[in-house]
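# Coordinate analysis (summary)
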Amino acid sequence: MPLFLPHLFRGLILLLLAAHVFYMFSIARALAGTIGWSWSTFIIAAGFALIMLLPLIWAVALPEFPEMYLRHVRGRRRFARGECPGCGYRIATEDAPCSECGSAVEPPEPYRICGRTVRTFVLINLFAWVVGLAAAEGWAQYDEHVFLAEAQAAHAAEGSQRFTRARAWPSDSARLQWDVERGVRVEDGQINWTRPPAPGSGRDESPLPKSR
Ligand SMILES: [Zn+2]
C-alpha cells in the first residue's frame, strides 16, 4: 500500500466531518433568522456545530485505520507466516533484523488508542470545523445575494412588491422574503407568531421594525 493512502484516508474523513459541520451550521444559522453577516448568529451556529461534533468521539480511532491494518494486522499475519512484518520478505533466522528492510523480526504490538490517536482526531475535527463553517457561511450569504437578485428581477419584470422562496439546501425549511420597503429579510410568519400573513395576501402591513 503506497505511503500517501493513509493521508488520503484522513483527508476523506476530514471532508465528511466538514460536511457534517456545514449541515449543522446551516440549520442553526437559518433558525437564528438573520440576513447577511452577524457575529452573534455566527458564534451561536458555530458553537452548535462544534457541540454536534462531540457525539462522533466514538470514531476516535477511525483516522488510524490504515496504520491499524498496515502495521498491526498485516504485520502479525506476515510474522505468523514466517515473513518479515515490515516487508513480507521470507525470514531465514529470527535473531537478526530483516536482511531486506532492517526491521526487527518480532510480532508487532496489538493496536492501542494512545495520545497521538486523540491528538490526530481532535486536529482533524478542528480543521473540519473551520472548513465547514467557512463553506456554510459563504453558501448562505451567496444564497441571500442570489435571492436578492431574483427578487429585483421579478420586481423589474412584473412589478411584484413581495417575493419569497425557501433558502437553499440544507436550510430549505426556512424562507426568505423581499419587499420593496424592507429588502431581504426572514419571511413574515416565521418570527411574527401573533399575526401570520393571510395566504395569498399581496403585502403585509404589520408595522414591524426593520430587521436588517
Ligand atoms: Zn523486512
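You'll find the structure just up there.
The text that follows walks through the structure, step by step, so that each part is easy to find.

### Quick word on the pairing of strand β2 (residues 175-179)
- By the bridge criterion, five bridges tie strand β1 (residues 162-166) to β2 in an arrangement that is antiparallel. Counted as the bridge partner of Ala166 is Arg175 from β2.
- Following β2, the chain reverses through three residues before pairing antiparallel with strand β3 (residues 183-186).

### Examining unusual backbone geometry
- Residue Pro170 follows Trp169 across a cis peptide bond; omega there is 5°.
- Note on placement: Pro170 falls in the loop between β1 and β2.

### Here we look at the pairing of β3
- Pairing between β2 and β3: four bridges, direction antiparallel. Paired with Gln177 across the bridge in β3 is Arg185.

### Quick notes on the sheet that holds β2
- As summarised here, the arrangement of the three strands in space is β1-β2-β3, forming an open sheet in which the pairing is antiparallel. Lying at the two open borders of the sheet, with one neighbouring strand each, are β1 and β3. Taking each pair of neighbouring strands and ignoring which way they run, the sheet shows an average axis angle of 20°.
- Across the face of the sheet, helix α4 (residues 115-158) comes into contact with β1, β2 and β3 while running at roughly 40° to β2.

### Regarding the packing of helix α1 (residues 4-32) against helix α3 (residues 65-80)
- Relative orientation of the contacting elements α1 and α3 amounts to 150°, with a least axis distance of 9 Å. Comparing the axis directions of α1 and α3 gives the class roughly antiparallel. Contact residues: Leu5, Pro6 and Phe9 in α1; Phe65, Pro66 and Glu67 in α3.
- Within the contact of α1 with α3, the residues separate by chemical class into five nonpolar, no polar and one charged.

### Here's the deal with the environment of Thr34
- In this fold, Thr34 is placed in the loop between α1 and α2 (39-51).
- What makes Thr34 partly exposed here is the crowd of 19 C-beta atoms within 10 Å.
- A C-alpha to C-alpha distance of 9.9 Å links Thr34 and Val184, two positions 150 residues apart in sequence.

### Topic: α4
- Here α4 contains 44 residues, and its C-alpha end-to-end distance of 63 Å stays within 8% of the 64 Å for a straight helix at 1.5 Å per residue.
- Within α4, the full set of buried residues consists of Phe121, Asn125, Ala128, Trp129, Gly132, Leu133, Ala136, Ala140, Asp143, Phe147 and Ala151.
- The secondary structure elements touched by the buried residues of α4 are α1, α2, β1, β2 and β3.
- Once α4 ends, the next one or two residues include Gly159, with phi positive near 70°.

Thresholds, definitions, all that
Starting afresh in each chain, residues are numbered from 1 along the sequence in its written order. pLDDT decides what is reported in this predicted model: residues at 70 or higher carry local features, side-chain atom pairs at 80 or more are listed and counted, and totals for whole chains, interfaces and linings draw on all residues regardless. Only strands that DSSP links by at least two bridges are regarded as paired with each other. In this description a helix means any DSSP run of H or I spanning at least four residues, a strand means any run of E spanning at least two, and both kinds are numbered starting from the N terminus. Working convention: axes come from line fits to C-alpha atoms, limited for helices to the stretch in contact. Angles between N-to-C directions cover 0 to 180 degrees. In this description, a residue-residue contact is defined by the distance between C-beta atoms placed from the backbone, which must lie within 7 Å. Every angle not falling under 35 degrees, over 145, or within 65 to 115 is termed oblique; those three ranges are roughly parallel, roughly antiparallel and roughly perpendicular. Polarity classes work like this: nonpolar for Ala, Val, Leu, Ile, Met, Phe, Trp, Tyr, Cys and Pro, charged for Asp, Glu, Lys and Arg, and polar for all others, with Gly in that last group. With C-beta atoms placed from the backbone, a residue is labelled by how many other C-beta atoms lie within 10 Å of its own: buried for 20 or more, exposed for 12 or fewer, partly exposed between the two. A helix is expected to reach a length of 1.5 Å times the quantity of its residues less one.

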